[in-house]
Protein chains: 2
Amino acid sequence: MTASASATAKGPATRELILEHAYELARVGGLEGLSIGTLAADVGMSKSGVFAHFGSREDLQLAVLDAAARRFMAKVLVPALSAPRGLPRLRAIVEHWCEWGREHQSGCVLLSATAEYDGREGALHDAVVAQQAGWRGELEKAIGQAVAAGHLRADTDAAQLGFEIYALMLGLHHDAGLFGFEQASRRTRAAFERLWRSWQP
Amino acid sequence: MTASASATAKGPATRELILEHAYELARVGGLEGLSIGTLAADVGMSKSGVFAHFGSREDLQLAVLDAAARRFMAKVLVPALSAPRGLPRLRAIVEHWCEWGREHQSGCVLLSATAEYDGREGALHDAVVAQQAGWRGELEKAIGQAVAAGHLRADTDAAQLGFEIYALMLGLHHDAGLFGFEQASRRTRAAFERLWRSWQP
DNA sequence: GAAAAGAACGAACGGTCGTGCTATTTTCCG
DNA sequence: CGGAAAATAGCACGACCGTTCGTTCTTTTC
C-alpha cells in the first residue's frame, strides 16, 4: 500500500482500539502496571500484534498518557470554553473537572502517572511534567481572565490560586477513592465556595 | 532458641534492617514496584533469606506500609503533641508535615500506596484505608480541640477542615515532586495562612 | 491476475518474578 | 563445649515479562 487514501486505513484504527483498551487497563493498574500480554488478551490480539503498533513498551505508555491528556482536555477544558470568560468559565472548569473525577473514581491515568514518575527520570517523567505544566497553564490563563474581568481581586496571584484549585481536586480524587465520591464531592464543593469567596474583589 | 530474652535476638533485628531498606526502595518505586530480588540485593542477602522473614510478598508490603505509618506518626504527630492543644498544635502538625514532605520529595510510601490500591480490593487496600482513616481521625481530633479552645469558629466542621488541610498537603507533595519543593512550599504556606484566617472565630 | 505492502500471528529468547524445598551455617542456652 | 533451634543460603519450579524473528494472511496497487 502506498499513500493513497481510503476512508480509514486498518492500522491506525486498531491502534486506536488498542489505546482505548490500554487506557482502561491503566486506569486501574497505572502505566507501570500495564503489560503488553494482558493488554493483548484484553483486545483479543497476539502480543506481537499489539507490540508492532508501538515500538516499545515505553512508547505504548507515552501514547496512553497522551491519549489520557487529550481526553481530559476534551472533557474538562473544551466544554468549559462555551461559558463566558472569567469566573463563570472557571466555575465551569471545576464543574467538569468534578464530573471527570466522578467518572474516574477507579483511578485516573494522569494522576497515577504523576505519582509513578515524579521521582524518576526519563521520557515518561518529562511527558508527565509537560502535561501537568500545560494544564496548570490553562488553569492560570482562565484565572487571569477572571481577574481581568473583575471577578476576582486585582492582586490575585494566578499561580497561587491555581495551586489551591488543583490541591482541592487532588483532595477530591483522594477522598473519593478511599471514602466514597459523594462525601468527597460535598466537601470539595463546600471548599470551593469558601475559596471563591475569599478571592472575590 | 526458646522464648528466653537476651537483649535482642538476631531475627527481629535483621527483619528491621530489611524493612528499612524496603522502605527506601518503596519510596521511589512504590509498594507495587518493590521486588524481593531487588530488595535482597540491596540488603546483601539471598532472596530466600529475605523471603523467610515475611510469609509472602503481600505480607512484606503490609509490613512496609505499617513501618511507613509508624514513621509518619513519630515524625509528624508525636512531636506536635508537645505544642499546647488547639491551634498551636494544629499549626505544629502542619509544620512537621511540611518537613515530612520536604524529606520525601522522592516519594512517600503512604501516598503512593493510596494511589496504587484505592481502586482495587484486598488486604493492602484495607490497610491503606485504615491508615488513612486513622490519620484523618487524629487530624480531626486536633481540630476539635482547637474549636473547644476557642481558636477556631464554634461551628467548624472538623471533617471539612480536615479535608481541606489534607488537600493542601496533597498539593504540596504533588507540586514538590513536579516543580520543586521550594515553590510548592511557599504556596502551601500562603494557602494555610488564608485557611486559618477564614476559620478563625 | 501478479506483485507488493501491511497487519497479525506464533514461537522462542533471556530475564525476572514470587514461592517452595532442602542444606548449611550461625546463634544461643544449658 | 555440645546440641537444639533459628537464620540464611542455594537451587529449582512455573509463570510472566518485553522483545525479536520468520511466517502467514489480507489488502492494495499495477
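Note that this is a predicted model, so its numbers are computed, not measured.

## Observations regarding the overall build of chain A
Item 1. Check the secondary structure of chain A and you find 9 helices and 0 strands.
Item 2. Helices and strands in chain A line up, N terminus first, as α-α-α-α-α-α-α-α-α.
Item 3. Once the C-alpha set of chain A is aligned to its principal axes, its extents read approximately 60 × 45 × 30 Å.
Item 4. Buried positions account for 37% of the 201 residues belonging to chain A.
Item 5. Across chain A, every contact between residues at least 6 apart in sequence was considered, and the portion connecting residues at least 24 apart equals 60%.

## Looking at the interface of chain B and chain A
Item 1. Chain B puts 32 residues into the contact, and the matching count from chain A is 32 residues.
Item 2. Secondary structure elements with two or more residues in the side of chain B that touches chain A: helix 6 (109-117), helix 7 (123-148), helix 8 (158-179) and helix 9 (181-199) of chain B.
Item 3. Residue composition of the side of chain B that touches chain A, grouped by class: 12 nonpolar, 13 polar and 7 charged.

## Things to note about the confidence of the model for chain A
All names here are of chain A.
Item 1. Predicted confidence across chain A gives a mean pLDDT of 93, with 95% of residues reaching 70 or more.
Item 2. Confidence, read as mean pLDDT per element, is least for helix 1 (residues 10-29) in chain A (91) and greatest for helix 7 (residues 123-148) (98).
Item 3. Under a pLDDT of 50 for its full length, residues 1-7 has, in the predicted model, 0 contacts with residues more than four places off or in other chains.

## Some thoughts on the relation of the copies chain B and chain A
Item 1. Rotating chain B by 180° and translating it 0.0 Å along the rotation axis places it on chain A, where the RMSD comes to 0.0 Å. In symmetry terms, the pair is related by a two-fold rotation axis. Scanning chain B for the C-alpha nearest the rotation axis identifies B:Ala167, at a separation of 2.6 Å.

## Points about helix 7 of chain B
Item 1. Between its terminal C-alpha atoms helix 7 of chain B stretches 37 Å, which fits the 38 Å expected from 26 residues at 1.5 Å a residue.
Item 2. Among the residues of helix 7 of chain B, those classed as buried are B:Val128, B:Gln131, B:Gln132, B:Leu139, B:Ala142, B:Ile143, B:Ala146 and B:Val147.
Item 3. Of the surrounding secondary structure, the elements contacted by the buried residues of helix 7 of chain B are helix 8 (158-179) of chain A together with helix 4 (57-80), helix 5 (87-103), helix 6 and helix 8 of chain B.
Item 4. Positive phi appears at B:Gly150, one or two residues downstream of helix 7 of chain B, with a value of about 80°.

## Digging into the UniProt feature "DNA-binding region" (unreviewed entry) in chain A
Item 1. The positions that UniProt labels "DNA-binding region" (unreviewed entry) are, in the present scheme, residues 35-54 of chain A.
Item 2. The span residues 35-54 of chain A is 65% helix and 0% strand, and its two end C-alpha atoms sit 13 Å from each other.

## So, the packing of helix 6 (residues 109-117) of chain A against helix 6 of chain B
Between two packed helices, both the angle of their axes relative to each other and the distance between the axes serve to describe the pair.
Item 1. Two numbers describe how helix 6 of chain A lies on helix 6 of chain B: the axes approach to 10 Å, and their chain directions differ by 145°. When you trace helix 6 of chain A past helix 6 of chain B, the crossing you get is left-handed. Every residue of helix 6 of chain B that contacts helix 6 of chain A at A:Leu111, A:Ser112 and A:Ala115 is listed here: B:Leu111, B:Ser112 and B:Ala115.
Item 2. Among the residues making up the contact of helix 6 of chain A with helix 6 of chain B, the classes are represented as 4 nonpolar, 2 polar and no charged.

## Things to note about the environment of B:Leu39
Residues and elements named next belong to chain B.
Item 1. Mapped onto the secondary structure, Leu39 falls in helix 2 (residues 36-43).
Item 2. Given 23 C-beta atoms within a 10 Å radius, Leu39 is considered buried.
Item 3. C-alpha of Leu39 to C-alpha of Ala22: the two residues are 17 residues apart in sequence and 6.2 Å apart in space.
Item 4. Not counting residues within four places of it along the chain, the set of residues in contact with Leu39 comprises Ile18, His21, Ala22, Leu25, Leu34 and Val50.

## Structural notes on the environment of B:Val43
Item 1. For B:Val43, the location among the structural elements is in helix 2.
Item 2. With 25 residues separating them in the primary sequence, B:Val43 and B:Ile18 have C-alpha atoms 6.4 Å apart.

Here is what the cut-offs are and how they apply
- Residues numbered from 1 in each chain as written.
- Chains lettered and ligands numbered in written order.
- Predicted model: local features only at pLDDT ≥ 70, side-chain atom pairs only at ≥ 80, totals over all residues.
- Helix = DSSP H or I, 4+ residues; strand = E, 2+ residues; numbered from the N terminus.
- Buried ≥ 20, exposed ≤ 12 C-beta atoms within 10 Å, placed from the backbone.
- Contact = placed C-beta atoms within 7 Å.
- Nonpolar A, V, L, I, M, F, W, Y, C, P; charged D, E, K, R; others polar.
- pLDDT = per-residue confidence, 0-100.
- Least-squares fit on C-alpha atoms with pLDDT ≥ 70 in both.
- Expected span 1.5 Å × (residues − 1).
- UniProt positions renumbered as here; feature names shortened; annotations may be inferred.
- Axes fitted to C-alpha atoms, helices over the stretch in contact; angles between N-to-C directions.
- Left-handed = near helix turned anticlockwise from the far one by under 90°.

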